[in-house]
Amino acid sequence: MKRLAVALRLASIEFLRGGVMFWRPAPAGRDFGALTVLCAVLIGLTTLATSSGSALQRNLIQGMLGHVEGAGTPIWLLVHSSRLFLGPEQLAAFRNGGGFTAAHRPRDPNGPLAKLDFHPVVEVEPLDPYVRLPCATAGPESPCAAAIVWRERMGPGDPPMELRGWGIDRTNPLWFASGGPASGRTLVANAATFRKRFDYAAYRAGLAGGVPAPLLEALPERIDDVTDLHRLILSVRLHGNLRRLQLFDVTWVESLPGLQKVSLLVPLDVIAPAKLVYENENLTNLGPEDVDDEGGSGAVLRRITVYGATRAEVRRRLEAGGRDGLAEVAACLGRRSFGSNGPFRWSERGTDRVLELDGEVTWAVARACLARSGLAPDAGFDAVRPGFDFVDAPLAVAGRTATARCAAVRPSLLAQDTRGACADGGAEAAFTFSAFPDFRTGIVFVPDGLDLAEAIDAVTGQTLGGEPVVISSESYRDALGRISYARAVIAHLGSALALFGLVLVGVILLLQIAPTIERRRKNYGLLLARGMSRREVTAGILLQMGLAVILGAVVAAALTELTKAAFEGWFAGSQAARLAQSELGLLHPRLIPDVSLIGRLAHLGGATGLVLIAAIVAALWTIRRLPLRRSTAPIDLMVTQARVAEEAS
């Protein structure tokens, strides 16, 4: 054991002298330094090859099905035909319980769905009863007549594509990945589909004359690209059948992931109040802009009155400069409920003039129109007075949760009043309930570490009461079949390349290791002459091989990361990356997708093990050919074959 320790120490010193000790090199040269560099290159190339193989498969999946950074692959699901909806009971097996309360969290934390989150979706269609893009399609409710702003077909051979939106929670990973804010009246829009389908000139022309002028002026007259449009006007249900036009900020993304061509993402807390007022005729969808002339909230503008309009001093103000001030105000306000009830008209009530409203415009918009004609109260015209209806307990929405007066909601919603707020407080009491007690569609994100096909089978295989809960669309099944075939081809090709690479690595190492050992055969003969055994000398040589591989692995780790960074920088500006962003919905395309630290270490460790085995085999083969065997005498190593042949002659 003592001689073995000496042999290993001598081998380490020889390795250092033949590698990194430039001030005291070994007589045989710095060949161990060259071997270390060769090992680093081979380990780095092998690591990149294995990483690229897995990256190719992941990019294939991401390109076909989409991907959201930090969440995984989105899979769109629909309620099974045997059911009407997806509620807390149907979604309880998912990790987040579908976003419902903690009481509905998974009963089996080790179940097949316990690692998956279900994020509900409310589809937003062109003639959506809650929120819609004005003039997106023709129909009896369209105020734009033939001015259609969404081109469903780009040509005779183009497949039709309607304007499709998704209402999602602000906690949905898709909302975060798209840059959606945590609050505020904001949309996320798909720039790729809007560039192809959205006719902004027709949109603005269709709004002109029907939208209050202050809102229309918030939109530019023309744009060079849709991303220059920072605001959009949407039609939102206000009360019953009445709609209001509202300005929304827009966050643009090049495209959205998934097989569905989604053009808009709308927060559920924007859709929720519009849905509730549609279903409950006693509720009104009020916002922070619904204030009275003194700043009080919960005020619905019902009328504007000009008192004593026939008096001389008032008439002079109304007709200043030869204009009709009242007509100007009516024209500025646009059309009632955006065209469904015609233009605004002033009516006579004795000596007064009254403009009746249903809340279609806010006081801020009406005051701006009055100010344009010099008729605003704060401009010194005291004859004008607004009239408001006040809502004492207005509808309030936070996420999916709503609060309203008990008397204003449908009796079916009162079933959610489990705490008895309405029973104890009466009709005027307020109680909190879910604006979305159930859904029909949603998204499940399959994390990168899970098998996609197995995850989809687990989701679609879930049953409740003997009946399936959800289904995936046929397009996903078709895509999974194609992906499975491509992955099988890649696996077979990878096996063949791996075998070829193993042989190539062995040959390259043998060409370097054989002369390195051969140059030191005299040293090995001296060690045998001094009493060391063949096994101790062999152990020292193998130690040197191990040191070369280990140091090479350290160098390869840094080399691989630098190479990946260089490749990613080159790929970021490529046509492939631009295509992935604009057409495939990959918000952050990567040439080699990020893997965890454990995954990177596994790739590096596998490559290091492969090179180490090849180096040991090459060293043992060379040692046997020296020869360094049990019957080898020290003189056999100290005298070369050429010297023996020369002395014999």
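Engineer: Help me out: how do you make sense of the overall build of the chain in this one?
Structural biologist: Within the chain one finds 19 helices and 19 strands. Relative to its 649 residues, the chain shows a buried fraction of 47%. For the chain, the proportion of contacts with a sequence separation of at least 24, taken over those separated by at least 6, is 72%. Summed over all atoms, the accessible surface of the chain reaches about 31300 Å², with 58% contributed by carbon and sulfur.

Engineer: How should I be thinking about the pairing of strand β4 (residues 165-168) in this particular structure?
Structural biologist: Within a regular strand, the side chains alternate between the two sheet faces. Covered by surrounding structure in β4 are G165 and G167 together with W166 and I168, the residues of both alternating faces. Pairing of strand β2 (residues 117-124) with β4, which is carried by three bridges, proceeds in the antiparallel orientation. Paired with E123 across the two strands is W166, which belongs to β4. Judged from the four bridges that link them, β4 and strand β8 (residues 264-267) form a sheet pairing that is parallel. Counterpart to G165 in the pairing with β8 is L264.

Engineer: What exactly am I supposed to notice about helix α14 (residues 521-529) here?
Structural biologist: Along an α-helix, residues three or four positions apart point the same way, because every turn accommodates 3.6 residues. For α14, every residue scored as buried is listed here: R521, Y524, G525 and L528. One face of α14 carries all of its buried residues, which in axial projection span an arc of 105°. The exposed set on the far side of α14, more than 90 degrees from its buried face, consists of K522 and A529. Following α14 by one or two positions, G531 adopts a phi angle in the positive range, close to 105°.

Engineer: Which parts of the structure should I look at to understand helix α5 (residues 200-207)?
Structural biologist: In terms of burial, α5 is a largely internal element, six of the eight residues being buried. At its buried positions, α5 is contacted by α6 (213-216) and β6 (231-239). For α5, the side-chain oxygen to backbone nitrogen distance between the N-cap and A201 is 3.3 Å, and the N-cap itself is D199. Count one or two residues on from α5 and you reach G209, which has phi positive near 90°.

Engineer: Whenever I open this one, the sheet that holds strand β9 (residues 299-306) confuses me. Can you help?
Structural biologist: Note: strands within a sheet are paired through backbone hydrogen bonds, in either parallel or antiparallel orientation. A sheet is described by the order of its strands in space; here four strands give the open sequence β10-β11-β9-β12, paired in antiparallel fashion. One side of each edge strand has no neighbouring strand; the edge strands of this open sheet are β10 (346-349) and β12 (384-390). The sheet shows a mean angle of 30° between the axes of neighbouring strands, direction not considered. Direction of pairing for β9 relative to strand β11 (residues 352-356): antiparallel, over a ladder of four bridges. Within β11, the residue paired with R303 across the bridge is E356. Contacts from helix α9 (residues 325-333) reach β9, β10 and β11 within the one sheet, and its direction differs from that of β10 by about 135°. Lying over the sheet, helix α10 (residues 363-372) contacts β9 and β12, oriented at roughly 25° with respect to β9.

Engineer: Looking at this structure, I do not really get the packing of α14 against helix α15 (residues 534-572). What am I missing?
Structural biologist: Angle between the axes and distance between the axes: these two values describe a pair of packed helices. At a minimum axis distance of 9 Å, the contact between α14 and α15 shows a crossing angle of 140°. It follows that α14 is oblique to α15 by the angle criterion. In this structure, α14 meets α15 at a crossing whose hand is right-handed. Residues Y524, L527 and L528 of α14 form the contact with α15, whose own contacting residues are R534, V537, I541 and Q544.

Engineer: I tried to follow the nonpolar core on my own but got confused; where do I start?
Structural biologist: Proteins that are soluble and globular tend to have nonpolar side chains buried together. Grouped together as the largest cluster of nonpolar side chains are 99 residues, with contacts concentrated most on F198 and Y203. Among the elements that line this core, the one with the most residues is helix α7 (residues 268-279), at seven residues. Setting aside residues no more than four positions away along its own chain, F198 makes contact with L133, V149, W150, R151, T193, Y203, V226, L229 and L232.

Engineer: Is there a simple way to think about the pattern of salt bridges in this case?
Structural biologist: Here the idea is simple: oppositely charged side chains can pair when their charged atoms come close. All chains considered together, the criterion is met by 19 salt bridges. A salt bridge links R244 to E289, with the nearest nitrogen and oxygen atoms 3.6 Å apart. Residue R244 is found in strand β7 (residues 242-253), and its partner E289 is found in the loop between α7 and β9; the two are separated by 45 residues along the sequence. For R244, a relative accessible area of 4% puts it in the buried group. E348 is the partner of R353 in a salt bridge, and the nearest nitrogen-oxygen pair spans 3.7 Å.

Engineer: I'm lost on the layout of surface pockets in this one. Help?
Structural biologist: One water molecule sets the probe size; rolling that probe over the atoms shows where empty space is left. Space inside the second largest pocket adds up to approximately 650 Å³. Lining of the second largest pocket is provided by 24 residues; of these, A49, T50, G494, L497 and A498 occupy positions nearest its centre. Elements represented by at least two residues in the lining of the second largest pocket include exactly α2 (31-65), α13 (474-518) and α17 (597-625). A total of eleven residues in the lining of the second largest pocket trace back to one element, the largest contributor, which is α13.

Engineer: Just to check I follow, could you spell out the side chain of R400 for this structure?
Structural biologist: Tracing the backbone through its elements, the reader meets R400 in the loop between β13 (396-398) and β14 (401-405). According to the relative accessible area criterion, R400 is buried, its value standing at 10%.

Engineer: Got a minute to help me understand the environment of G209 in this structure?
Structural biologist: Residue placement: G209 occurs in the loop between α5 and α6. In this structure the C-alpha to C-alpha distance between G209 and G334, which are 125 residues apart in sequence, comes to 5.3 Å. Excluding residues within four positions of it along the chain, G209 makes contact with G334 and R335.

Engineer: Looking at this model, I keep getting lost on the side chain of T186. Mind explaining?
Structural biologist: Residue placement: T186 occurs in strand β5 (residues 186-190). The residues touching T186, leaving out its near neighbours within four places in the chain, are W175, P181, F248, D249, T251 and P267.

The rules behind the values
- Residues numbered from 1 in each chain as written.
- Predicted model: local features only at pLDDT ≥ 70, side-chain atom pairs only at ≥ 80, totals over all residues.
- Heavy atoms only, no water.
- Helix = DSSP H or I, 4+ residues; strand = E, 2+ residues; numbered from the N terminus.
- Buried < 20%, exposed > 50% of the residue type's maximum accessible area, 1.4 Å probe, protein only.
- Contact = heavy atoms within 4.5 Å.
- Areas by Shrake-Rupley, 256 points an atom, 1.4 Å probe, with all protein chains shown as cover.
- Pairing = 2+ DSSP bridges.
- Arc of directions from axis to C-beta.
- Polar contact = N/O pair within 3.5 Å; in protein donor to acceptor, adjacent residues only side chain to side chain.
- Axes fitted to C-alpha atoms, helices over the stretch in contact; angles between N-to-C directions.
- Parallel < 35°, antiparallel > 145°, perpendicular 65-115°, else oblique.
- Left-handed = near helix turned anticlockwise from the far one by under 90°.
- Core = buried A, V, L, I, M, F, W, Y, C linked by side-chain atoms within 4.5 Å.
- Salt bridge = Lys/Arg side-chain N within 4 Å of Asp/Glu carboxyl O.
- 1 Å grid on protein atoms, 1.4 Å probe; cavity = no way out; pocket = protein on both sides within 12 Å on 5 of 7 lines; lining within 4 Å.
- Points joined across faces, edges and corners; volume = space filled by probe spheres on them.

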